[in-house]
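Results of the structural survey
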Amino acid sequence: MSSYEDLDPLPLILGDQTYSTIDEQIADVVIDQKRHNKKTWFMPIGIAFLLVNVLLVTVGWLLYQGIGIWGNNIPTAWAFDIVNFVWWIGIGHAGTLISAILLLMRQQWRNSINRFSEAMTIFAVMCAGMFPLLHTGRPWVAFYWLFPFPNILGIWPQFKSPLMWDVFAVSTYFTVSLVFWYIGLIPDFATLRDRSTNKYQKYIYAFLSLGWRGSAKHWHRYEQAYLLLAGLSTPLVLSVHSIVSFDFAVSVVPGWNITVFPPYFVAGAVFAGFAMVILLMIPVRKMYGLENIVTMKHFDWMAKITLATGLIVAYGYTLELFYGWYAGTKIEHELLTWRMDFFHKPYSWAYWMLILCNIIVPQAFWNKKCRQSYFWLILVSLSVTVGMWLERFVIIPMSLMNTYLPSSSRMYYPTIWDFSMFIGTIGFFIMMMWLFIRFLPAINVFEVKDLLHKMHVQKRTHKEEAVATTSGGTH
Amino acid sequence: MAKARYYGIAAQFESPDDLMAAVRRSREAGYSRMDAYTPFPIHGLTDEMRFRDERVPLFMFLGGLIGAISGFFLQTYTNAWDYPFNVGGKPLIGYPAWVPITFECTILFSALTGVLSMIIMNGLPQPYDPMFNIPSFARASQDRFFLCIEARDPNFSPTEVTTFLETLNPLTVEAVPR
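Everything numeric in this text was worked out from a predicted model, so none of it was measured. (Residues numbered from 1 in each chain as written. Chains lettered and ligands numbered in written order. Predicted model: local features only at pLDDT ≥ 70, side-chain atom pairs only at ≥ 80, totals over all residues.)

So, on to the overall build of chain A. For chain A, the count of helices and strands is 16 helices and 0 strands. Taken against the 2.2 N^0.38 rule, which gives 23 Å for 475 residues, the C-alpha radius of gyration of chain A at 24 Å falls within 12% of a compact globule. C-alpha extents for chain A along the principal axes are approximately 80 × 60 × 45 Å. Expressed as a percentage of its 475 residues, the buried residues of chain A come to 47%. (Helix = DSSP H or I, 4+ residues; strand = E, 2+ residues; numbered from the N terminus. Rg over C-alpha atoms; globule rule 2.2 N^0.38 Å. Buried ≥ 20, exposed ≤ 12 C-beta atoms within 10 Å, placed from the backbone.)

This is the structure in structure tokens:
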């Protein structure tokens, strides 16, 4: 059998693959635990574990001392906590985009990367959730006013507030993403159950697979539910980041109350998320020899989406400037100067770094060579990741420092605890990702088999067509 | 021969196409109680088996409807009836501000109903199934495709079904004990 390169110079699955070679490449990463006893697994998770300890120390000190250990104070009531919240939740959005929106659009290349990015979504939302929860100072008390929980005070949350919308949006998003992820894992757990020879492994995966046996009748209902969940997740992901942007856009703070915020935030989220998928997929692909299943074509297409969403974000920045100018009020003009005057304003470097990282560097992806080179993929993704963090920094604390009443405007400086908490969540995220790679199949086994089957069918029809054109080409 | 000793007769195939052809021929031969077992969903297989179940989408729709109503009711009850709360002079039932939470509740209820109804109607979790009795069935989740003609089929007779399945180009044909 010839390989798929005949049909497409850059196919989605490389080499001569059968269903069992796919199992060997993906499922056996989990089954053969010895494959992880190497530096490649222990080094990242070791560093991540240290950072998780930094997080725990920070959270401990925060709960003991109160949120005064952070740098934010009136007028800058929101700073690192909300910057990091929006940054993390944005990173999570690529997972839902890949698993749901690309499924609805029948983009089959998603099959090789959706599991990985869905896991990323879940862990990123966990990291995101920590910030607003801890910003309440005492999360166990916050329960009364975050959720409509009947309590002896007889009061309820105020549902006209975007912050309440946020609570519902993020918790719904987390729940639905988790369920969607688990549903996708059930058939793969069955594969792991049937492949493993270790008794305990078999028990655990059998338990998790719910006794899945691949019955056609089960697949029938499974696919209906899966497709409809994708259909629900699509508006959900758009609504979540729109609602996150409402936290700002519904207020009257200069630099926040702009109608372009919802689409601009959603595009920014996808932008940052795809950059993160590229950034994490490259080492994982190398470490576990997944080059045949996650190919350069995947990176090429992810880079294209990054570029496209980057351009939407650039449009958002332009509109921010336009609104600032067109508003015609003193405070809006002051805000523009505050952000952009490189020689006089203290944080303007953040604005220009953001333009460099988010608009200028990603333009490299117009070049096909850059889209398919590890160096450029990593460079641009890192740049976007930093740039998107700076974007939220420019929008959130930098808008708050400048108030309507000049006498109350104050500089904001983050403290060491702001940084340690942020770095700690990065450690938490990496630790969860690396545990995921070790104990769950990082690539969707049954969907890659489905993709392989479709490629077989495609190749066969292509051959038949070729035969038909050569034999019928005389008239 | 007592039917009850068997769950059915299962044939193992190497490719989805063989399985699809086998299902078609079994149906043409008059068998109606059968199921196929595959490592990944194969489109058209249930159509070929004349199996159709549209209840999951229906339940998801109803779940969404209940979610929308409860989301809206939750906000109306808490902020307008139980503890009327004046926010900036806005109307008590300020429904435009309630769209986001109503929407999120719709999605949440619909998604959870969908997942639960799929799992429950599939009879999961189910640790034991007669199909697991045949040793080669472990490959149904890996790279083999199974067709089982069940004993509850009115035309079932172990010998006839075995001979019939052997004409379909299978890798193996095995009786599935109960």
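As a further point, take the overall build of chain B. In terms of helices and strands, chain B carries 5 helices and 4 strands. Taken from N to C terminus, the helices and strands of chain B fall in the order β-α-β-α-α-α-β-α-β. If one aligns the C-alpha atoms of chain B with their principal axes, the spans along those axes are about 80 × 30 × 30 Å. Counting only residues that meet the buried cut, chain B has 41% of its 178 residues in that class. Across chain B, contacts joining residues at least 24 apart in sequence account for 81% of those joining residues at least 6 apart. (Contact = placed C-beta atoms within 7 Å.)

Let's shift gears to the domain arrangement of chain B. Split by domain assignment, chain B resolves into domain 1 (3-53 + 129-177) and domain 2 (55-121). Once you take the C-alpha centre of each, domain 1 of chain B and domain 2 of chain B turn out to be 44 Å apart. (Domains from an automatic or database assignment.)

A few words now on the interface of chain A and chain B. Taken residue by residue, the interface counts 50 residues in chain A and 54 residues in chain B. Of all the secondary-structure elements, those providing two or more residues to the side of chain A that touches chain B are helix 1 (19-31), helix 6 (162-195), helix 8 (216-249) and helix 16 (445-471) of chain A. The residue makeup of the side of chain A that touches chain B, split by class, is 25 nonpolar, 15 polar and 10 charged. (Nonpolar A, V, L, I, M, F, W, Y, C, P; charged D, E, K, R; others polar.)

Residues and elements named next belong to chain B. Overall, antiparallel pairing links the 4 strands, which are arranged 2-3-1-4 in an open sheet. The open sheet has two edge strands, strand 2 (34-37) and strand 4 (172-177), and neither has a second partner. Taken over all neighbouring pairs, the strand axes of this sheet differ in orientation by 20° on average, direction set aside. Here strand 1 (residues 6-13) pairs with strand 3 (residues 145-150) via 6 bridges, running antiparallel. Pairing of Gln12 across the sheet is with Phe146, part of strand 3. Strands in contact with helix 1 (residues 16-28) are strand 1, strand 2 and strand 3; relative to strand 3, the strand with the most contacts, it is inclined by about 15°. Of the strands in this sheet, strand 1, strand 3 and strand 4 are in contact with helix 5 (residues 158-166), which crosses strand 1 at around 10°. (Pairing = 2+ DSSP bridges. Axes fitted to C-alpha atoms, helices over the stretch in contact; angles between N-to-C directions.)

Examined against the element boundaries, Val87(B) turns out to sit in the loop between helix 3 (55-82) and helix 4 (99-121). Dropping the residues within four chain positions of it, Val87(B) is found in contact with Gln158(A) and Lys160(A).

Of all the bends found along helix 3 of chain B, the most pronounced is centred on Thr76(B) and spans about 30°. Those residues of helix 3 of chain B not exposed but buried are Val56(B), Phe59(B), Met60(B), Gly63(B), Gly64(B), Gly67(B), Gly71(B), Gln75(B) and Asn79(B). Tucked into the core, helix 3 of chain B has its buried residues touching helix 8 of chain A together with helix 4 of chain B. (Bend = angle between axes of the 7 residues up to and from the residue.)

Let us look at the environment of Thr172(A). Relative to the assigned elements, Thr172(A) resides in helix 6. Along the sequence, Thr172(A) and Val240(A) sit 68 residues apart, while their C-alpha atoms lie 8.9 Å from each other.

Right, let's talk about helix 4 of chain B for a bit. Residue and element names in this part refer to chain B. Under the 1.5 Å per step criterion, the end-to-end length of helix 4 is 32 Å for 23 residues, consistent within 8% with the ideal 33 Å. Burial analysis of helix 4 places 17 of its 23 residues in the buried class, the great majority of the element. Looking at the residues trailing helix 4, positive phi occurs at Gly123, about 75°. (Expected span 1.5 Å × (residues − 1).)

Of note, the bond from Ile74(A) into Pro75(A) is cis; its omega dihedral lies within 30 degrees of zero at 5°. Among the secondary structure elements, Pro75(A) is positioned in the loop between helix 2 (39-65) and helix 3 (80-104). A cis geometry characterises the amide bond from Leu124(B) onward to Pro125(B), with omega recorded as -10°. Locating Pro125(B) in the fold gives a position in the loop between helix 4 and strand 3. The phi dihedral of Leu210(A) falls on the positive side, at around 60°, and the residue is not glycine.

Let's shift gears to the confidence of the model for chain B. For chain B, per-residue confidence averages 89 on the pLDDT scale, and 98% of positions sit at 70 or higher. Both scores are available for the predicted complex, with the pTM at 0.91 and the ipTM at 0.92. (pLDDT = per-residue confidence, 0-100.)

All names here are of chain A. Counting through the fold element by element, Phe274 comes out in helix 9 (residues 261-287). With 32 residues separating them along the chain, Phe274 and Thr306 place their C-alpha atoms 6.1 Å apart. Ignoring sequence-local partners within four residues, the contact set of Phe274 consists of Ala94, Met302, Ile305 and Thr306.

Right, let's talk about the packing of helix 3 of chain A against helix 8 of chain A for a bit. All names here are of chain A. Interhelical geometry of helix 3 versus helix 8 gives an angle of 155° and a closest axis separation of 9 Å. For the element pair helix 3 / helix 8, the angle class is roughly antiparallel. Handedness of the helix 3/helix 8 crossing: left-handed. Counting all contacts with helix 3, which are made through Val86, Ile89, Gly90, His93, Thr96, Leu97, Ser99, Ala100, Ile101, Leu103 and Leu104, the residues of helix 8 involved are Ala230, Gly231, Ser233, Thr234, Val237, His241 and Val244. Of the residues assigned to the contact of helix 3 with helix 8, the class counts are 10 nonpolar, 8 polar and no charged. (Parallel < 35°, antiparallel > 145°, perpendicular 65-115°, else oblique. Left-handed = near helix turned anticlockwise from the far one by under 90°.)

On to the nonpolar core. Ranked by internal contacts, the top residues of the largest apolar core, which has 180 residues, are Ala124(A), Val277(A), Ala36(B) and Leu147(B). Per element, the largest residue contribution to this core is 17 residues, and it comes from helix 9 of chain A. Composition of this core by domain shows at least three residues from each of domain 1 (3-53 + 129-177) and domain 2 (55-121) of chain B. Val277(A) has contacts with Ala94(A), Ile113(A), Ser117(A), Met120(A) and Met302(A), leaving out every residue within four places of it along the chain. (Core = buried A, V, L, I, M, F, W, Y, C linked by C-beta atoms within 7 Å.)

This paragraph deals with the packing of helix 3 of chain A against helix 4 (residues 114-135) of chain A. Residues and elements named next belong to chain A. Between helix 3 and helix 4, whose axes approach to 7 Å, the crossing angle comes to 160°. Taken together, the axes of helix 3 and helix 4 are roughly antiparallel relative to one another. Between helix 3 and helix 4 the crossing geometry is left-handed. Grouping the amino acids of the contact of helix 3 with helix 4 by side-chain chemistry returns 14 nonpolar, 9 polar and 2 charged.

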